[in-house]
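# Architecture and fold: a report
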Amino acid sequence: MTLTIAALITVIQFWLRLATFLHGPLKSFLLHVLHNLSNDPTYNGLPQDPQKLYQELSTPANRKKINDLKNGTNGKKKVLQQDQVDALRPSTGNATDSSQFDVTLICILIINFTNLPAPLKGWKNKNPPATDLSIGAFVIRAREWRNYIHHTDPDKINQAQFNQKWTEGEQIINNLGFTYDTTQLKTMLLDLKYENVVKSMYLYLERKQDTLSKQQMALETKQTGAGYQTDGPGF
């Protein structure tokens, strides 16, 4: 039986609301950090102006860094995909619009292209201690919050899990004095006329497509393997 869009939204409503938080306040918080919009004197952010951002990312040093992060060379972990590289330095012009970045890319830029002080246990530690209230620690928490949304089954999130993750999300953005009307977002109608709801539905559909592709590949691999087993005794 095929679900209508309205019925599907009801089934995945808790995950969908968390995804709107991801595309709204959490992303805004990270862009705030990336561009150092608070004018924090302890680090230098990247320019917010699209032309200046493109120029900054086009310096020889940063072009090399982008290449290393894409290919996993010179001691860098391979973390950039080609579509992310294209977003950093669009081939169609000389402007880089950071509002088009996803949360993962923003975190990569904060960690690798600003001099924001690392959390107490470093950038590689996925669970900063509760006592670490540094900006860097909250960047890591935001990244891991995003990973929860991307790796949790949208059909399985219940009310209690939703409330817990929503509170965690609010703590991430509020502890640094970043304000956002999360109350309105938490109760808004999940209507496709809202941009963040549309983005969240696209994310859901992308995940479903990826799951179906993996299942199809596994089935084909199993069938191929079964074929070899069947043919074996005939040799």
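That block above? That's the structure.
Report follows, based on the coordinates. Just so it is clear, the model here is predicted, and its values are computed rather than measured.

## Observations regarding helix α8 (residues 159-174)
Look at α8: 22 Å from first C-alpha to last across 16 residues, which is about the 22 Å you get at 1.5 Å a residue. Listed as buried for α8 are Phe162, Lys165, Trp166, Gly169, Ile172 and Ile173. All buried residues of α8 fall inside an arc of 120 degrees around its axis, so they share one side. Where α8 is buried, its residues contact α2 (13-34), α7 (135-151) and α9 (182-187).

## Quick word on the packing of α2 against α7
In contact at an axis separation of 10 Å, α2 and α7 are set at 155 degrees when each is read in the N-to-C sense. Relative to α7, α2 is oriented roughly antiparallel. When the axes of α2 and α7 are compared, the crossing they make is left-handed. Facing Trp15, Leu18, Ala19, Phe21, Leu22, Leu26, Phe29, Leu30 and Val33 of α2, the residues of α7 in contact are Ile135, Phe138, Val139, Ala142, Trp145, Arg146, Tyr148, Ile149 and His150. The residue makeup of the contact of α2 with α7, split by class, is 16 nonpolar, one polar and one charged.

How each quantity is defined
Residues numbered from 1 in each chain as written. Predicted model: local features only at pLDDT ≥ 70, side-chain atom pairs only at ≥ 80, totals over all residues. Heavy atoms only, no water. Helix = DSSP H or I, 4+ residues; strand = E, 2+ residues; numbered from the N terminus. Expected span 1.5 Å × (residues − 1). Buried < 20%, exposed > 50% of the residue type's maximum accessible area, 1.4 Å probe, protein only. Arc of directions from axis to C-beta. Contact = heavy atoms within 4.5 Å. Axes fitted to C-alpha atoms, helices over the stretch in contact; angles between N-to-C directions. Parallel < 35°, antiparallel > 145°, perpendicular 65-115°, else oblique. Left-handed = near helix turned anticlockwise from the far one by under 90°. Nonpolar A, V, L, I, M, F, W, Y, C, P; charged D, E, K, R; others polar.

On their own, these measurements won't tell you what the molecule is for.
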